[in-house]
Amino acid sequence: MSTPRQPPRRPGPKPAPPGARPRTPQQRAADRRGGPARRPRPPAPRPGPRPQPRAIKLADPRRRLRVITGALGLVLVLFGARLVQLQLVDSDSLAAQAGANKYVEVKLPAERGSITSSDGVVLATTVDAYDITGDPSAYTPEKSHIPDAPEQAAALLAPIVGRTKEQLATALHTPKTQWAMLSPRQSPEGKKQIGDLRTALAKQVDTKACRAQRSLLGKPADQGGRQFLDDACFNPLASVTAEPTTRRVYPADGLAANLVGYVNSDGVGSGGLELQYEHELAGTAGKTTAASAGGRTVAAGGSRLTPVPGSDLRLTVNRDIQWAAQRAITDQVANAGADKGYVIVQDVKTGQVLAMASSPGFNPNDLSTAKSAQLGNPAVQDAYEPGSTAKLMTMAAVLDTGTASWDTHVTVPNTLQRSDRVFHDDVEHETWYLTLAGVLAKSSNIGTIEAAEHLGKTQPEADKVLGDYLHRFGIGQPSGIGFPGETRGLLAKPEDWSGSQQYTIPFGQGLSVNALQATSVFSTVANGGVRVAPSLLAGTTGPDGRYVPAPAGAATQVVKPETAKTLTEMLESVVTDEQGTGNAAQIPGYRVAGKTGTANRVDPKTGKYSGYTASFIGFAPAEAPRVTVSCVIQNPVNGHFGGQLCGPVFKQVMEFALKTLRIAPSGSEAPNLPVEWKP
């Protein structure tokens, strides 16, 4: 049996020895074809030196993998660390920063307390108001399409808000801002007037013709476009807004303005009682958080601290008596051609100030019309030499120490040489033979010097005694009301009195006081020798509505009651006796005790004597005193004697006060102490 013949095998590829490089695809194809692989034809050699063959080193894939893996691991570690920092370490601070960016703290102002007179009539209060603001960026020619948009808005607003067109236009000519204050604290009436006008203009602008004009804004000229609008199609008040706020108002205008004071543009007390009681009146502001967007508050948040309103002040001032005092002093300052004047009315029993009026005054509702010199309260801020009204304290010392009595005989020559000076009385006269009461009635400087010399065995001893009594009466010390800018006056220590002061101080020159100090001296005598510290505050009403009376003024016995009674009778002679200097202060039906004063005035600008200070201080009814009234006029031109200028003012104000307080007329006659004696 024959074996079939096998076809001849083509020689195949030999197995690759261990460690050999893998065969290329061309080699494997050649193996299948049974022949050697065809190599691609090499390119034609280029002329020049033959390049050396470059050795090719293949990258290690495992090393590359390790590098990539390490880099990815490092990135993941950094991401993880940052996440831990954000989520755990900095989470609270980041949340706070996010809240700060999202929410803003908004201050909630407290309502300022009111100031009222003793009978509850409002002298200062806070009312709703509106800040009129505008968006200057809306008034540019590019946005408004009106070349004079700010001027048009200013012309409409000026008559309403009380500012000039130039001021308003300037405020709106700030295109880089979106907010400008045009007029602060306008009344609700002003806000309504602006709103009504804006609405009326909006209706005018929203016409068919104006809408057609607006549709062409910004279009090319060949399409009928236009750059500007007609004035009738522009609403100048469209970007004017009214933001709610508050405003301090003084319903009585200038009544008691120098006493009550005023607030500044931020609503903070800057003068008078508004400044003195700023803490009580202002209350405590609250706050809340509100969401903000684009720098503007858009919604209130959840956190809120409610503001606490300020307390209301009730003064001791009687509104009607204040009005009478202010009218009287204003008229007389004008008649006398004086620089200024002031009147104080005080309750002699309580020390409470019933009126404190000054002229010239000011209107706190419109500070722009006031001069800086008018904004103070000269009744307590001016220091002046009192002149003869201070003789009452000298007589008090003489009587209280038993040095002399009212009927002690005093010989008064026309001139008196003391130290390096020659002293005179106000008028030339023959030698006077006066009682001590007559020395006071005729206001003799020489007689007062002679009486004061007997207060001690030596002049220094006499000076010390007189200085002690002046101190008891409150001279050279704060009055006790704590008023801002109050002067304590000037009173040197007795051991420091100069040669001339030893003799001028007894009759009221060489020392200075404020008008409230001088008034308090007479009230002390009227109150039986007991000085009650003056007061202006009757009480306060807190945010809870509870009224708390102010504490009574401190009481000090200055002179004996019998001394005060004798002094009162001596003061009556000043008014009732034909030779007295205070006849103009007489009031029909009432016994009046008082004293005139005519002093050389120190000019505050030069520090030298120039002009006069005229004054009169007295109380009534003399037999049972209730009210003290003082009048001071500085640098008068038409006359200068205290009795002549201030006597009538005293009478006018005292009469009004007695009737207002319903004080019964006197039921007895004045004692009419003799003022002269015959040698």
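Position numbers for residues start from 1 in each chain and track the written sequence from start to end. Predicted model: local features are reported for residues with pLDDT of at least 70 only, side-chain atom pairs are reported and counted for 80 or more only, and whole-chain, interface and lining totals are derived from all residues. Here the side-chain values reflect all heavy atoms present in the structure, with hydrogen atoms and water set aside.

The name given to the protein in an unreviewed UniProt entry is Cell division protein FtsI, and the organism recorded there is Kitasatospora kazusensis. UniProt lists a comment for the protein under the heading Subcellular location (unreviewed entry), and it reads "Membrane". The annotation that UniProt attaches to the protein under Sequence similarities (unreviewed entry) is "Belongs to the transpeptidase family." UniProt positions are given in the numbering used here, feature names are shortened, and annotations may be inferred rather than shown by experiment.

Draft legend 1. Seen up close, the packing of helix H12 (residues 319-336) against helix H21 (residues 642-660). Here an axis means a line fitted to C-alpha atoms, over the contact stretch when the element is a helix, while the angle between two N-to-C directions is reported on a 0 to 180 degree scale. Helix and strand assignments come from DSSP, with helices taken as H or I runs of at least 4 residues and strands as E runs of at least 2, each series counted from the N terminus. In contact at an axis separation of 9 Å, H12 and H21 are set at 165 degrees when each is read in the N-to-C sense. With respect to their mutual orientation, H12 and H21 come out roughly antiparallel. Seen from above, H12 lies across H21 with right-handed handedness. Between H12, through Asp320, Ile321, Trp323, Ala324, Ala325, Arg327, Ala328, Gln332 and Ala336, and H21, the contact on the second element is made entirely by Gln644, Leu645, Val649, Gln652, Val653, Phe656, Ala657 and Thr660. Each residue is assigned to one of three groups, with Ala, Val, Leu, Ile, Met, Phe, Trp, Tyr, Cys and Pro labelled nonpolar, Asp, Glu, Lys and Arg labelled charged, and all others, Gly among them, labelled polar. Looking at the contact of H12 with H21 residue by residue, the classes come out as eleven nonpolar, four polar and two charged. If an angle is under 35 degrees, it is roughly parallel; if it is over 145, roughly antiparallel; if it lies from 65 to 115, roughly perpendicular; otherwise it is oblique. By the definition used in this description, the sense in which the near helix is turned from the far one sets the handedness, with an anticlockwise turn below a right angle giving left-handed and a clockwise turn giving right-handed. Whether two residues touch is decided by their heavy atoms; if any such pair falls within 4.5 Å, the residues are in contact.

Draft legend 2. Spotlight on the sheet that holds strand S22 (residues 609-620). Paired strands, in this sense, are two strands between which DSSP finds at least two bridges. Strand order in the open sheet formed by five strands is S12-S11-S23-S22-S21, with antiparallel pairing between adjacent strands. Among the strands making up the open sheet, the edge pair consists of strand S12 (353-359) and strand S21 (593-602). Going from strand to strand, the sheet's axes swing by 10 degrees on average, the running direction of each strand aside. When strand S11 (residues 340-347) meets S12, the two strands line up antiparallel, connected through six bridges. Within S12, the residue paired with Gly341 across the bridge is Ser359. Sitting on the sheet, H12 is in contact with S11, S12 and strand S23 (627-634), with an inclination near 30 degrees to S12. Here H21 sits on the sheet and contacts S11, S21, S22 and S23; the angle it forms with S22, its principal contact strand, is near 30 degrees.

Draft legend 3. Quick peek at helix H19 (residues 515-526). The span expected for a helix works out to 1.5 Å for each residue beyond the first. For H19, which comprises twelve residues, the first-to-last C-alpha distance of 17 Å matches the rise-based estimate of 16 Å (1.5 Å per residue) to within 8%. Only protein chains enter the accessibility calculation, which uses a 1.4 Å probe; a residue whose area is less than 20% of its type maximum is buried, one above 50% is exposed, and one in between is partly exposed. Most of H19 is tucked away: twelve of the twelve residues are buried. Along H19, the residues that are buried comprise Ala515, Leu516, Gln517, Ala518, Thr519, Ser520, Val521, Phe522, Ser523, Thr524, Val525 and Ala526. Of the residues flanking the start of H19, the one acting as N-cap is Asn514, its side-chain oxygen 3.0 Å from the backbone nitrogen of Leu516. In the analysis that follows, any N or O atom pair within 3.5 Å is treated as a polar contact, provided that within protein one partner can donate a hydrogen and the other can accept it, and provided that, for residues neighboring in sequence, both atoms belong to side chains.

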